[in-house]
Amino acid sequence: MSDSDFLTRLNPEQREAVLHEKGPLLVLAGAGSGKTRVITHRLARLVRSGADPRGIAAVTFTNKAAGEMRERAQALAGTAAPGFFVGTFHSWCLRFLRRRYREANLPPRFSIADSSDQLGLVKEAMEELGISADMLPPNSVRSRISQAKNALVSAERFAAQQTDFAGERIAQVYALYEKKLAASGALDFDDLIGRSVRLLSSSAPVAAEERRRLRHLLIDEYQDTNSSQDALVKLLGAESESLCAVGDEDQSIYRWRGAEIEHILRFEEDFPGARVIALEANYRSTARILAAASGLVSHNRRRREKRLRADRGDGASVRLWRFEEDRTEIEAVAREVAGRPPGEVAILYRTNAQSRPFEEEMVRRRIPYVVVGGMKFYERAEVKDVLAYLRLAARPEDDLAFRRVVNVPARGIGAATLDKLAAVVRETGKSWWEVSADPQGVPDRARTALARFREVIQDLRGKADTWTPSALLEHLLAVTGYGALYEGSEDREDVARRENIQELLSSAREFERRNAEGATVAEYLDTVSLATNEDIAESGGAVTLSTLHAAKGLEFPQVFVVGLEEGFLPHGQSAEDEEELEEERRLLYVGMTRAKDSLTLTLADRRLVYGRVEPRRPSRFVEEIPAQALEERFFGRPSSAAFSPKRTFFPAANVEDESQEADDRPLRRGRRVRHPRYGFGVILGEEGSGEETRLTVYFDRAGKKKFVARYADLTPA
DNA sequence: CTGCTTCACCTTTTT
DNA sequence: GGTGAAGCAG
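## Here's the deal with the overall build of chain A
Regarding its fold elements, chain A presents 29 helices and 24 strands. For chain A, the proportion of its 717 residues judged to be buried stands at 53%. Taking as baseline every contact in chain A between residues at least 6 positions apart, the subset at least 24 positions apart corresponds to 73%. Carbon and sulfur atoms form 48% of the exposed surface of chain A, whose accessible area is close to 32,700 Å².

Here is the structure:
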């Protein structure tokens with residue numbers, strides 16, 4: 001592709017952003033405005049115009065986004081091995097800290113603690129401090145610690161800031177947590193950024209050298225940067241030849257993780273003389289979809305005023321479907337989906353738990369689907385266990401890994417033994433590995449078991465630097481006995497575990513194929529430590545089920561946003577605080593703007609929540625969507641006072657079963673009935689026939705009940 | 001020490 | 001409804 005071809009595929013604003021030469025640049029990229037196109041073209045253009053690729057870094061938030069960006073930029077740059085960095089904040093920092101572990105005062109092969117490791121350490125620390133989990137939920141302590149780290153607040157400073165009892169206790173946990181993490185030679189996710197910032201700001205020579213290396217910096221999703229990431233960008237980008245930040249505050253959805261919308265709103269103050277380019281042409285959605293989404297998000301106060309232009313036709317109205325109960329919602333959505341190419345459809349929801357009924361319905365109808373995010377491969381116990389062995393192979397002093405698998409599979413090293421070791425570890429400050437070499441006061445049986453375990457690990461250690469990851473994995477499955485743990489079992493869970501272990505093996509082989517040179521065990525461990533869900537699931541020919549968060553950056557011809565009710569959207573935890581409410585609104589905005597041709601919003605008046613039927617109210621956001629862009633339908637019989645008479649009325653029977661023939665029995669599906677005790681209700685389903693017939697009835701007040709028709713005192717209403 | 005059962009708990013979003 | 005901790009029998 002020639003340079004002129006390359007640029008003609010861009011609109012004037014995009015072109016300007018791609019060609020911008022020196023100094024800070026902020027690209028305000030509205031939804032669907034070709035953001036990725038700008039970043040990839042900019043990368044390619046830098047390479048084509050002769051910049052040293054090793055001095056270019058593009059930073060994104062997810063591995064998936066990074067992979068996509070790398071591929072597209074490579075193709076555009078026309079080089080097989082481009083040499084520039086494309087990756088997440090965390091992966092950039094990990095490389096940096098590996099390179100600089102001495103200056104950063106870190107152990108040479110430090111490992112990475114994920115959030116469940118974090119939680120484990122928090123629980124342990126709380127127990128040692130005698131803080132009960134009833135008083136302070138460990139998970140909220142973990143998140144407080146994480147927040148502090150994201151804001152670059154150390155344990156000491158955090159302690160100094162606390163005024164109340166709970167705060168002081170959290171500060172104690174924070175301090176002990178840090179101690180334990182350090183003892184285990186591990187960094188948590190937040191540390192990867194925090195320690196990088198600390199090193200860059202405390203060591204002038206290191207900072208100078210890094211700045212000399214990094215000439216061009218691109219940051220994607222700038223609206224989602226937290227304080228430590230923002231600090232990192234400032235440290236690295238302040239003097240670089242070009243610093244290009246791309247983002248859209250309307251799509252900021254990670255406040256709970258420390259993201260601050262201020263960073264993008266304040267960019268021009270932080271980087272004086274910054275050029276600002278707004279991309280306002282939306283190439284993705286039809287005009288009505290865009291109008292609905294824009295109208296909604298305009299209710300937010302903390303944002304720049306902007307006007308997105310639809311580049312496509314008007315399209316169909318946004319459909320708002322309201323149902324009497326969740327069952328009908330799920331069936332109606334599934335039926336609509338059944339008529340489409342599955343790969344073109346996405347069903348989006350607020351919380352992971354909402355996916356299940358849709359999954360079941362997809363299975364029932366044999367519609368292929370993928371769940372994005374859902375259960376995370378690398379967080380499954382068996383995967384973590386196997387990787388813990390691999391970590392021990394790389395560094396036996398890895399306390400977290402040691403404790404995870406020292407007795408998995410069971411080898412007779414029980415709680416009593418581990419308590420004794422733990423005490424010695426605490427007193428001496430040595431690692432578990434060291435302490436286990438000469439365990440004091442431990443019965444002979446456990447002693448021999450420990451010795452045997454150590455032999456196994458030592459064997460692995462001897463191979464870790466020379467063997468390939470997959471070979472070592474296979475070997476360790478054999479010698480640790482872990483491979484045999486789930487062998488020969490027909491149990492569904494065990495079969496799944498075996499498959500996951502196989503999957504891990506093939507992912508290791510895949511890693512080796514992709515990195516012919518650097519496919520060491522250590523490199524592999526780094527990669528999997530930062531890998532999360534997405535890298536596994538590939539859609540294509542399947543309906544996508546996803547949380548609103550995980551859908552960011554994706555697009556689909558047809559989108560359903562389901563469960564648009566108070567409690568879900570805004571989420572119950574986020575309905576109070578004004579800022580959180582704005583974030584919930586943005587979340588819906590992000591979901592709506594994923595749709596290209598068709599967007600359907602659904603809600604139900606009654607829903608099964610935690611196993612109980614609960615009355616639901618429509619989300620307040622529904623009212624904020626401009627009515628002209630909406631086409632409302634009500635499926636079923638109105639049950640609440642909130643029912644608006646204007647709305648189109650569709651009897652429930654319509655959604656229940658499309659293929660039912662004319663049928664005038666008084667007690668059939670969809671009919672209103674009356675029960676002396678439960679009052680009025682509607683028949684949801686029939687099972688069996690004749691005298692055996694059983695009816696499921698949903699009562700307005702009493703919820704779902706089942707009856708044998710012959711005995712139940714049901715009368716048509 | 002192990003493996004099973006039961007019970008109480010909590011339920012937002014993720015690198 | 002699912003998970004993790006606690007309790008109990010072998």
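## With respect to the protein's contact with DNA strand C
Within the structure, DNA strand C sits among K123, R356 and Y610. Between DNA strand C and the protein, one listed contact pairs a sugar or linking oxygen with a side-chain N or O atom of R356 at 3.2 Å.

## Structural notes on the environment of E493
Inspection of the secondary structure assignment puts E493 in helix α25 (residues 492-514). Note on E493: relative accessible area 52%, which makes it exposed. A C-alpha to C-alpha distance of 33 Å links E493 and H90, two positions 403 residues apart in sequence.

## Regarding the side chain of R395
Tracing the backbone shows R395 in the loop between α18 (381-394) and α19 (399-405). We classify R395 as buried; its relative accessible area is 8%. Of the polar contacts made by the side chain of R395, one reaches the backbone oxygen of S184; its length is 3.0 Å. In contact with R395, not counting residues within four places along its chain, are R109, F110, S111, S184, G185 and A186.

## A short note on the sheet that holds strand β3 (residues 85-88)
A sheet is described by the order of its strands in space; here six strands give the open sequence β3-β2-β6-β7-β1-β8, paired in parallel fashion. Every other strand in the sheet has two partners, leaving β3 and β8 (275-279) as the edge strands with one partner each. Taking the axes of each pair of neighbouring strands and ignoring which way they run, one obtains an average angle of 15 degrees across the sheet. Examined bridge by bridge, strand β1 (residues 23-29) and β8 share five bridges and lie parallel to one another. Each residue of the ladder has a partner; that of L26, found in β8, is V276. Of the strands in this sheet, β2 (56-60) and β3 are in contact with helix α4 (residues 63-77), which crosses β3 at around 160 degrees.

## What to know about the packing of aromatic side chains
We describe a pair of aromatic rings using the distance from one ring centre to the other and the angle between the two ring planes. For the coordinates displayed, the defined rule picks out 15 aromatic pairs. Geometrically, the ring pair formed by F158 and Y174 is edge-to-face, given 5.6 Å between the ring centres and 75 degrees between the ring planes. With F158 in helix α8 (residues 155-161) and Y174 in helix α9 (residues 165-183), this pair connects stretches of sequence that are 16 residues apart. Clustering of aromatic rings is evident, with ring pairs tying together W321, F323, F560 and F635. In this arrangement the basic side chain of R98 is found over the ring face of F110, its NZ or CZ atom lying 4.1 Å from the centre. The ring of W433 carries R454 above its face, with NZ or CZ at 4.0 Å from the centroid.

## Remarks on the pattern of salt bridges
Following the criterion strictly, the structure yields 69 salt bridges and no others. The partner of D52 in a salt bridge is R54, and the shortest N-O contact between them spans 3.2 Å. For D52, a relative accessible area of 40% puts it in the partly exposed group. E555 serves as the salt-bridge partner of R284, at 2.8 Å between the closest nitrogen and oxygen. Taken together, the positions of R284 in the loop between β9 (281-282) and α15 (287-297) and E555 in the loop between β14 (543-547) and β15 (556-561) put the pair 271 residues apart, joining distant regions of the chain. When salt bridges with common partners are traced through the structure, they connect R99, R100, E103, E209, E210 and R213 into a single cluster.

## Side note on unusual backbone geometry
Among all residues except glycine, the phi angle is most often negative; among peptide bonds, the trans geometry is most common. Backbone torsion omega between V408 and P409 reads 0 degrees, so that peptide bond is classified as cis. Structurally, the position occupied by P409 is in the loop between α19 and α20 (415-428). Cis geometry is found at the peptide bond from L569 to P570, where omega equals 0 degrees. Examined against the element boundaries, P570 turns out to sit in the loop between β15 and α27 (578-592). The backbone phi angle of L152 is positive, close to 60 degrees, even though this residue is not glycine. Along the polypeptide, L152 turns up in the loop between α7 (138-150) and α8.

## A closer look at the nonpolar core
Residues Y378, V386, L387, L390, L473, L504 and Y524 are the most contacted members of the largest nonpolar core, which totals 45 residues. Those elements giving two or more residues to this core turn out to be α18, α19, α20, α21 (432-437), α22 (444-464), α23 (469-479), α25 and α26 (521-530). Ranked by size, the runner-up nonpolar core spans 41 residues in total, among them L26, L94, L97 and A207.

## Section: the confidence of the model for chain A
Residues at a pLDDT of 70 or more form 86% of chain A, whose mean pLDDT is 84. Low pLDDT, under 50, characterises residues 639-664; the predicted model gives this stretch 42 contacts beyond four residues in sequence or across chains.

## Quick look at the pairing of β14
Regular strands have side chains that alternate between both faces of the sheet. For β14, a buried count of five out of five residues is recorded, marking the element as mostly surrounded by other parts of the structure. Going residue by residue along β14, you find V543, L545 and T547 tucked away on one face and T544 and S546 tucked away on the opposite face as well. Where strand β12 (residues 345-349) meets β14, four bridges bridge the pair, whose relative direction is parallel. Across the sheet, residue A346 finds its bridge partner in β14, namely T544. In this structure, strand β13 (residues 369-371) lies alongside β14, joined through three bridges in parallel fashion. Looking across to β14, one finds that V371 is bridged to L545.

## Remarks on the packing of α25 against α26
With their axes 11 Å apart at the nearest point, α25 and α26 run at an angle of 115 degrees to one another. The handedness of the crossing between α25 and α26 comes out as right-handed. Residue-level contacts link L504, S507, A508 and F511 of α25 to E523, Y524 and T527 of α26. Split into classes, the residues belonging to the contact of α25 with α26 amount to four nonpolar, two polar and one charged.

## Some points on the state of the cysteines
In this structure the tally under the stated criterion is zero disulfides. Of all cysteine sulfurs, the one in C244 lies closest to C93, which takes part in no disulfide; the gap is 19 Å. Among the residues examined, C93 registers a relative accessible area of 0% and is labelled buried.

## Details of α23
For α23, the full list of buried residues reads P469, S470, L472, L473, H475, L476 and L477. Packing partners of the buried residues in α23 comprise α18, α22, α24 (482-485), α25 and α26. Downstream of α23 by one or two residues, G481 has phi in the positive range, about 85 degrees.

## Description of α20
Across its 14 residues, α20 extends 20 Å between first and last C-alpha, which sits within 8% of the 20 Å expected from 1.5 Å per residue. In this fold, the buried residues of α20 make contact with α21 and α22. One or two steps after α20, the chain reaches G429, where phi turns positive at roughly 75 degrees.

## Quick notes on the pairing of β2
In terms of residue burial, β2 counts as a mostly covered element, since five of its five residues are buried. Relative to strand β6 (residues 216-219), β2 is paired through four bridges, and the arrangement is parallel. Its bridge partner being in β6, I56 is matched across the sheet by H216. Sheet topology note: the β2/β3 ladder contains four bridges and is parallel. Counted as the bridge partner of A57 is F85 from β3.

So, how was this worked out
- Here the residue numbering is sequential within each chain, running from 1 through the sequence in written order.
- All chains are assigned letters beginning at A, and all ligands numbers beginning at 1, according to the order in which they are written.
- Since the coordinates come from a predicted model, pLDDT governs what is reported: local features require at least 70, and pairs of side-chain atoms require 80 or more to be given and counted, while whole-chain, interface and lining totals use all residues.
- Heavy atoms throughout the structure, all of them, feed into the side-chain values; hydrogens and water do not.
- The numbering of helices and of strands both runs from the N terminus, where a helix is a DSSP run of H or I of at least 4 residues and a strand a run of E of at least 2.
- Burial classes follow relative accessibility: with a 1.4 Å probe on protein chains only, a residue under 20% of its type's maximum area counts as buried, one over 50% as exposed, and anything between as partly exposed.
- Contact between two residues is taken to exist if any of their heavy atoms lie within 4.5 Å; hydrogens are not considered.
- Computed with the Shrake-Rupley method and a 1.4 Å probe, the accessible areas treat only the protein chains shown as cover for residues.
- What makes a residue near a molecule or strand is one non-hydrogen atom of that residue sitting within 4 Å of it.
- Residues adjacent in sequence count toward polar contacts only when both atoms are side-chain atoms; beyond that, a polar contact is any pair of N or O atoms within 3.5 Å, and within protein one must be able to donate a hydrogen and the other to accept it.
- Any two strands with at least two DSSP-identified bridges between them are counted as paired.
- Whenever a helix is involved, its axis is fitted only over the stretch in contact; in every case the axis is a line through C-alpha atoms, and angles between N-to-C directions fall within 0 to 180 degrees.
- Put simply, two rings from Phe, Tyr or Trp (the six-membered ring, in Trp's case) pair if the centres are within 6.5 Å, and we call them stacked under 30 degrees between planes, edge-to-face over 60, tilted for the rest.
- The criterion is that NZ of a Lys, or CZ of an Arg, lies within 6 Å of the ring centre and within 35 degrees of the ring normal, and then a charge sits over that ring.
- Think of a salt bridge as a Lys or Arg side-chain nitrogen and an Asp or Glu carboxyl oxygen that are within 4 Å of each other.
- Definition used in this section: a nonpolar core is a set of buried Ala, Val, Leu, Ile, Met, Phe, Trp, Tyr and Cys residues joined via side-chain atoms within 4.5 Å.
- A score from 0 to 100, pLDDT tells how confident the predictor is in each residue.
- In this scheme, a crossing is called left-handed if the near helix is turned counterclockwise away from the far one by less than a right angle; it is called right-handed if the turn is clockwise.
- Under the scheme applied here, ten amino acids are nonpolar (Ala, Val, Leu, Ile, Met, Phe, Trp, Tyr, Cys and Pro), four are charged (Asp, Glu, Lys and Arg), and all others, including Gly, are polar.
- Disulfides are defined in this document as cysteine sulfur pairs within 2.5 Å.
- Multiplying 1.5 Å by the helix residue count minus one yields the expected span of that helix.

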